[in-house]
Amino acid sequence: MLAGKRILLIVGGGIAAFKSLDLIRRLRERGATVTPVLTRAAEEFVTPLSTSALAGQKVYRDLFDLTDEAEMGHIELSRAADLVVVAPATADLMGKMAGGLANDLASTLLMATDKRVLIAPAMNVRMWEHPATQRNLATLKGDGVLTVGPDVGDMACGEHGPGRMSEPLAIVDAVEAALLDGPLKGKHVLVTSGPTHEPIDPVRYIANRSSGAQGTAIARSLAALGANVTFVTGPADVPPPLGVKVVKVQTASEMKEAVDAALPADAAVFAAAVADWRVANASGSKMKKDGSGNAPALEFTENPDILAGVSQMKKDRPKLVVGFAAETDDVQANATAKRKRKGCDWIVANDVSPETGIMGGSENAVTIISDEGAESWPRLTKDQVAAKIAAKIAGALA
Ligand code: CTP
C-alpha cells in the first residue's frame, strides 16, 4: 500500500510515456499522491491536460515557468516527495543524470533532490546496449539510483530485445519496495572510510593507497537499508554516497575527534586506512634544502587507535563494532589476533598484497572474523561485499 506516500513522477520523452498515464492511475489507486513533471520531449507523446487530469494535480513543465517558481521552487518540489520516479527514463535523461546536467526542470529536480530515485528505462535495444548507456547505468547505480526493467520484447520501432519499459504494475511493485522501511530504520551507524593524510609540512604529507571505495560502498548499503549514517571520511578518491551525513577530515587525530562527536551509535564500522603514525616534528613552514646534501630526519609518534578506543569504551559503546584488517601475510591469524587486541566484535580481513589488486581496485575477497569463527566470502565486487556486510549488520542489530 502506498497510502500517504508522495511520488514525484518525471515523464521522459519516449513512446512508453503513454504507459506512465496508467502508472499514475495505478499509484493513485494504492493511495499515493502523484506530482507529474513532463519534459519538453514528453509533451510530444502525452498532453499536460491528460496527465494532470489523471494525477488530479497540476503538471510541472518547465524550469523557467515563473508561475511555478512562485508557487513552489524546484528545490522544494524535489524534496517534498518521498520518492522520485523517472518513467520512462530515456537514454537522454539517463545521460543527463549520470553527467550531472541541470538544464531543464526534470534534470534540475533530479540534481536537487535529497530523496531516493527509481528509474524505469525505456529505449531502442541498440541504444540500451550502447556502451554509453551501460556506462551511465553503472554510474547511476553507483550513485544509489534504483532501477526497474527494461523488459525484453518487441518494441515500437520494430526491433526485439531489452528496452521496453516495465509494465506499470511492475513499476508500482518497485515503488513499494523502495518505500519499505528498511531493517536499519531508526538505527544510527557510524562509518569511517578512506586514507588519512599526515602532514610533514604545509605542502607535504604521508598517505596510503586506500581509495575509500569499500567504506563508501558500505555507507551506501547501510543507508539503503534505512540506517541514519554518519560517514567520517579522509581524502578519498571516490565521492561520498548520497543520503548520509558526511564529515570530511584529513588526519587521524581529526578523524578521532569526528568519531567521538558522532557517538553514540548503534553500530560503528571502521573501514578507514588510518595512518598508524604522524610526524612528530612536522614543520609549520615549508622545509627547504639547506645545500648541505643532508636530508631532514622525520620523527614519528603513534596516532590514537580509534577502533580500539571505541571498542573498549565503558559507557556508550556501540552494540556492534566492526574493524577492518588489511594484511599482506597470514591474513586470518593476524586478523584474529587483531580482533582480540582491539576488542571489536567483528574484523573484516582482506589480503592487500599488490598481486590481489584489492587496494584501489573494484573487487574484494574478505573473511569475517567474529565470536563464531571465520567466514570467508568469495571474491566479489566491493558493492556486493558492502551489501552483504550491511545485511549482516542489520541481522546483528535486529
Ligand atoms: N584503525 C583505527 N585507528 C588507527 C589505526 C587503525 O581506527 N589509528 C582501524 C582501522 O580503521 C581498521 C583497523 O583499525 O578498522 C585495523 O587497522 P590496520 O591498520 O590494519 O591495523 P593496525 O592497527 O595498523 O595493526 P598492524 O599495524 O599490526 O597491522
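Because the structure is a prediction, the values reported are computed rather than measured.

J.: What am I meant to see in the domain arrangement of the protein chain here?
T.: Bring the parts together and some accessible area is lost; that lost area is often taken as the interface size. Taken domain by domain, the protein chain holds domain 1 (6–179) and domain 2 (188–397). Taking only C-alpha atoms into account, the centre of domain 1 sits 37 Å from that of domain 2.

J.: Where do I start with the nonpolar core in this structure?
T.: Soluble globular proteins: nonpolar side chains tend toward being buried together. Counting 31 residues, the largest nonpolar core has Ile7, Leu9, Leu27, Val85, Ala87, Ile171 and Val175 as the members making the most contacts within it. If you list the elements that add at least two residues to this core, you get β1 (6–11), α1 (17–29), β2 (33–38), β3 (83–89), β4 (116–121) and α9 (168–179). It is α9 that contributes the most residues to this core, 6 residues altogether. Look past the residues within four positions of Val175 in its chain and what remains in contact with it is Leu2, Ile7, Leu27, Leu83, Val85 and Leu118. Of all hydrophobic cores here, the second largest spans 30 residues; its members include Val189, Leu222, Val269 and Ala390.

J.: Just checking my understanding: could you explain the packing of aromatic side chains for this structure?
T.: The relation between two aromatic rings is expressed through the spacing of the ring centres and the mutual angle of the planes. Tallied over the entire structure, the rule returns 0 aromatic pairs. Taking the ring centre of Tyr60 as reference, the NZ or CZ of Lys58 above it sits at 5.4 Å.

J.: Where do I start with the UniProt feature "binding site: CTP" (unreviewed entry) in the protein chain in this structure?
T.: Following the UniProt record, one finds the feature "binding site: CTP" (unreviewed entry) at Asp276, Lys286, Pro304, Asp305, Ile306, Leu307, Phe324, Lys338 and Lys342. The greatest C-alpha distance among the annotated residues, which extend across 67 residues, is 37.3 Å, indicating that they are dispersed rather than converging on a single site. Lining the second largest pocket, out of the annotated residues just given, are Asp276, Pro304, Asp305, Ile306, Leu307, Phe324, Lys338 and Lys342. Looking at where Lys286 falls in the secondary structure, it is placed in the loop between β14 (277–279) and β15 (300–302). Excluding its chain neighbours within four sequence positions, the residues that come into contact with Lys286 are Asp201, Pro202, Val203 and Arg204. Looking at where Phe324 falls in the secondary structure, it is placed in strand β16 (residues 320–327).

J.: Explain the sheet that holds β3 here, please?
T.: Sheet strands associate in pairs through backbone hydrogen bonding, adopting either a parallel or an antiparallel arrangement. If you walk across this open sheet you meet the 5 strands as β2-β1-β3-β4-β5, and the pairing is parallel. The open sheet has two free edges, formed respectively by β2 and β5 (146–147), since each of these has just one partner strand. Relative to β5, β4 is paired through 2 bridges, and the arrangement is parallel. If you follow Leu118 over to β5, its bridge partner there is Leu146. The sheet strands contacting α9 are β1, β3, β4 and β5, and the helix crosses β3 at an angle near 155°.

J.: Just to check I follow, could you spell out the UniProt feature "active site" (unreviewed entry) in the protein chain for this structure?
T.: This chain's UniProt record puts "active site" (unreviewed entry) on Cys157. Relative to the helices and strands, Cys157 resides in the loop between β6 (151–154) and β7 (160–164). The partly exposed category is assigned to Cys157, whose relative accessible area is 49%.

J.: I tried to follow the pattern of salt bridges on my own but got confused; where do I start?
T.: Note on pairing: side chains with opposite charge can pair once their charged atoms come close. Counted according to the given criterion, the structure contains 20 salt bridges. A salt bridge links Lys96 to Asp104; the nearest nitrogen and oxygen atoms lie 3.1 Å apart.

J.: How should the layout of surface pockets be read in this particular structure?
T.: The probe, sized like a water molecule, is rolled over the atoms to show the empty space still left. Space inside the second largest pocket adds up to approximately 1000 Å³. Lining the second largest pocket are 40 residues; nearest its centre among them are Ala272, Ala273, Val274, Phe324 and Ala326. Elements with a contribution of two residues or more to the lining of the second largest pocket: α10 (213–224), β15, α12 (306–311), β16 and α13 (331–342). Residues belonging to the lining of the second largest pocket are distributed by class as follows: 21 nonpolar, 12 polar and 7 charged.

J.: Would you mind showing me how to read the environment of Thr139 here?
T.: Tracing the backbone shows Thr139 in helix α8 (residues 131–142). Exposure remark for Thr139: the relative accessible area of 33% places this residue in the partly exposed category.

J.: Explain the packing of α1 against helix α2 (residues 48–55) here, please?
T.: Each pair of packed helices gets described by two things: the angle between the helix axes and the distance between those axes. In contact at an axis separation of 9 Å, α1 and α2 are set at 10° when each is read in the N-to-C sense. Overall, the two elements α1 and α2 adopt an arrangement that is roughly parallel. In this structure, the crossing between α1 and α2 has a hand that is right-handed. Contacts from Leu21, Ile24, Arg25 and Arg28 of α1 reach α2 at Ser50, Thr51, Ala53, Leu54 and Ala55.

J.: Looking at this structure, how should I read the sheet that holds strand β17 (residues 346–351)?
T.: Spatially, 8 strands are ordered β12-β11-β8-β13-β16-β17-β19-β20 in an open sheet, and the strand pairing comes out mixed. Only two strands of the sheet have a single neighbouring strand rather than two, namely β12 (245–248) and β20 (373–376). Adjacent strand axes in the sheet meet at a mean angle of 15°, parallel and antiparallel pairs treated alike. Where strand β13 (residues 267–270) lies against β16, 4 bridges are found, and the strand directions are parallel. Residue pairing in the sheet places Ala268 in a bridge with Val321 of β16. Where helix α11 (residues 252–262) meets the sheet, its contacts fall on β8 (188–193), β11 (228–233), β12 and β13, and the angle it forms with β8 comes to roughly 175°.

J.: Can you help me understand α1 in this one?
T.: Count 3.6 residues to each turn of an α-helix, and residues three or four apart come out pointing the same way. Compared with the 18 Å implied by 1.5 Å per residue over 13 residues, the 19 Å span of α1 between its first and last C-alpha is a close match. Buried within α1 we find Ala17, Lys19, Ser20, Leu21, Leu23, Ile24 and Leu27.

J.: Help me understand the site of the ligand, please; the structure alone is not making it clear to me.
T.: Looking at the ligand, there are 15 residues lining it, with Phe270, Ala272, Phe324, Lys338 and Lys342 nearest. Measuring from an oxygen atom of the ligand, one finds a backbone N or O atom of Phe270 at 2.6 Å. Take Ile306: an N or O atom from its main chain is 3.1 Å from a nitrogen atom of the ligand. Burial of the ligand by the protein amounts to 79% of the accessible area it has alone, namely 570 Å². One can see that the ligand is located within the second largest pocket. If you tally residues by element for the shell around the ligand, the top one is β16, at 4 residues.

What counts, and at which threshold
Residues numbered from 1 in each chain as written. Predicted model: local features only at pLDDT ≥ 70, side-chain atom pairs only at ≥ 80, totals over all residues. Heavy atoms only, no water. Domains from an automatic or database assignment. Core = buried A, V, L, I, M, F, W, Y, C linked by side-chain atoms within 4.5 Å. Buried < 20%, exposed > 50% of the residue type's maximum accessible area, 1.4 Å probe, protein only. Helix = DSSP H or I, 4+ residues; strand = E, 2+ residues; numbered from the N terminus. Contact = heavy atoms within 4.5 Å. Phe/Tyr/Trp six-rings, centres within 6.5 Å; stacked < 30°, edge-to-face > 60°. Lys NZ or Arg CZ within 6 Å of the ring centre and 35° of its normal. UniProt positions renumbered as here; feature names shortened; annotations may be inferred. 1 Å grid on protein atoms, 1.4 Å probe; cavity = no way out; pocket = protein on both sides within 12 Å on 5 of 7 lines; lining within 4 Å. Pairing = 2+ DSSP bridges. Axes fitted to C-alpha atoms, helices over the stretch in contact; angles between N-to-C directions. Salt bridge = Lys/Arg side-chain N within 4 Å of Asp/Glu carboxyl O. Points joined across faces, edges and corners; volume = space filled by probe spheres on them. Nonpolar A, V, L, I, M, F, W, Y, C, P; charged D, E, K, R; others polar. Parallel < 35°, antiparallel > 145°, perpendicular 65-115°, else oblique. Left-handed = near helix turned anticlockwise from the far one by under 90°. Expected span 1.5 Å × (residues − 1). Near = heavy atom within 4 Å. Polar contact = N/O pair within 3.5 Å; in protein donor to acceptor, adjacent residues only side chain to side chain. Areas by Shrake-Rupley, 256 points an atom, 1.4 Å probe, with all protein chains shown as cover. Sits in = over half its atoms within 2 Å of the grid points.

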